[in-house]
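# Chains, contacts and geometry: an overview
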Amino acid sequence: MTVKTHITFKEFLNFNIKSSLPRIIIFSFIILIFLVLNLYNTENDTQNILQSASIWFAAVFVFIIIRSYFRLKNAFFSNKKIQEEIIYTFTEEKVQTKGETFEGDFAWNTVYKIKETKDWLLIYQSKTTMNMVPKKYFSDSQISELRNMIKKSNVKAKLLNN
């Protein structure tokens, strides 16, 4: 099975935002609870300090968001391979990848794990390195066929059931 894919910066950004969102929300919620509890349990002088700390927290949060955006933008635009049209060929034995400036393949038994989301198939080469394959380029029957290939390959995988 062969599929032509292409990832835009918007898709890359959305993927990373959705992946990071739970951590950002939990971290912010914990800090906010800490500040609110301390705000109500202190005297006026300390309340002013905590109000100032709340403003600093908001400023740091905005800074982190802006910094993350530019970090992701730099990561995307400095990696020419991710910007290319990539052709994936999936067989029972291996996955072949071919871009405009590169070509390679890897056997299923060398894959660390696979995670399927609503929009992506993430093929991890290690804990931190992955091929991001947009599912929008697959037909429903191709996705089903690929899931079967992955199951037969005995790769550790979290696949959707639909």
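Residues numbered from 1 in each chain as written. Predicted model: local features only at pLDDT ≥ 70, side-chain atom pairs only at ≥ 80, totals over all residues. Heavy atoms only, no water.

On to the overall build of the chain, then. From N to C terminus, the chain includes four helices and eight strands. When its helices and strands are written in sequence order, the chain yields β-α-α-α-β-β-β-β-β-β-α-β. Buried positions account for 31% of the 162 residues belonging to the chain. Contacts spanning at least 24 positions in sequence make up 50% of the contacts within the chain whose residues lie at least 6 apart. By element, 59% of the accessible surface of the chain is carried by carbon and sulfur atoms, the whole surface being about 11000 Å². (Helix = DSSP H or I, 4+ residues; strand = E, 2+ residues; numbered from the N terminus. Buried < 20%, exposed > 50% of the residue type's maximum accessible area, 1.4 Å probe, protein only. Contact = heavy atoms within 4.5 Å. Areas by Shrake-Rupley, 256 points an atom, 1.4 Å probe, with all protein chains shown as cover.)

Tracing the sequence through the fold places Thr97 in strand S3 (residues 94-98). Classification of Thr97 by relative accessible area gives buried; the value is 9%. Not counting residues up to four positions away in its chain, the partners in contact with Thr97 are Ile86, Ile87, Tyr88, Phe102, Glu103, Gly104, Phe106 and Asn131.

Let us now look at a nonpolar patch on the surface. A cluster of nonpolar residues, Trp56, Val60, Phe63 and Ile64, forms a patch on the protein surface that exposes about 430 Å² of accessible area. With respect to the helices, strands and loops of the structure, Phe63 is situated in helix H2 (residues 44-78). The class for Phe63 is exposed, based on a relative accessible area of 53%. (Patch = residues over 30% accessible without salt bridge, like charges linked within 9 Å, V, L, I, M, F, W, Y side chains within 5 Å. Salt bridge = Lys/Arg side-chain N within 4 Å of Asp/Glu carboxyl O.)

Below, the discussion takes up the sheet that holds S3. Spatial ordering of the open sheet is given by S1-S2-S3-S4, a layout of four strands whose pairing is antiparallel. With one partner strand each, in any of the chains shown, strand S1 (2-5) and strand S4 (103-107) form the two edges of the open sheet. Strand-to-strand, the axes of this sheet are offset by a mean angle of 15 degrees, without reference to chain direction. (Pairing = 2+ DSSP bridges. Axes fitted to C-alpha atoms, helices over the stretch in contact; angles between N-to-C directions.)

Glancing now at the side chain of Glu116. Within the secondary structure, Glu116 sits in strand S5 (residues 113-116). Side-chain polar atoms of Glu116 contact the side chain of Arg147, separated by 2.6 Å. Excluding anything up to four places from it in sequence, Glu116 contacts Leu121, Lys135, Ile143, Arg147, Lys158, Leu159 and Leu160. (Polar contact = N/O pair within 3.5 Å; in protein donor to acceptor, adjacent residues only side chain to side chain.)

Our next topic: a positive patch on the surface. Residues Lys115, Lys127, Lys156 and Lys158 make up a contiguous surface patch of positive charge. You can see Lys156 is positioned in the loop between helix H4 (140-153) and strand S8 (157-158). Classification of Lys156 by relative accessible area gives exposed; the value is 55%. (Lys, Arg positive; Asp, Glu negative; His and termini not counted. Charge placed at Lys NZ, Arg CZ, Asp CG, Glu CD.)

Okay, the UniProt feature "transmembrane region" (unreviewed entry) in the chain next. Feature annotation in UniProt assigns "transmembrane region" (unreviewed entry) to the following positions: residues 21-41 and 53-70. The distance separating the terminal C-alpha atoms of residues 53-70 is 26 Å; by composition the span is 100% helix and 0% strand. (UniProt positions renumbered as here; feature names shortened; annotations may be inferred.)

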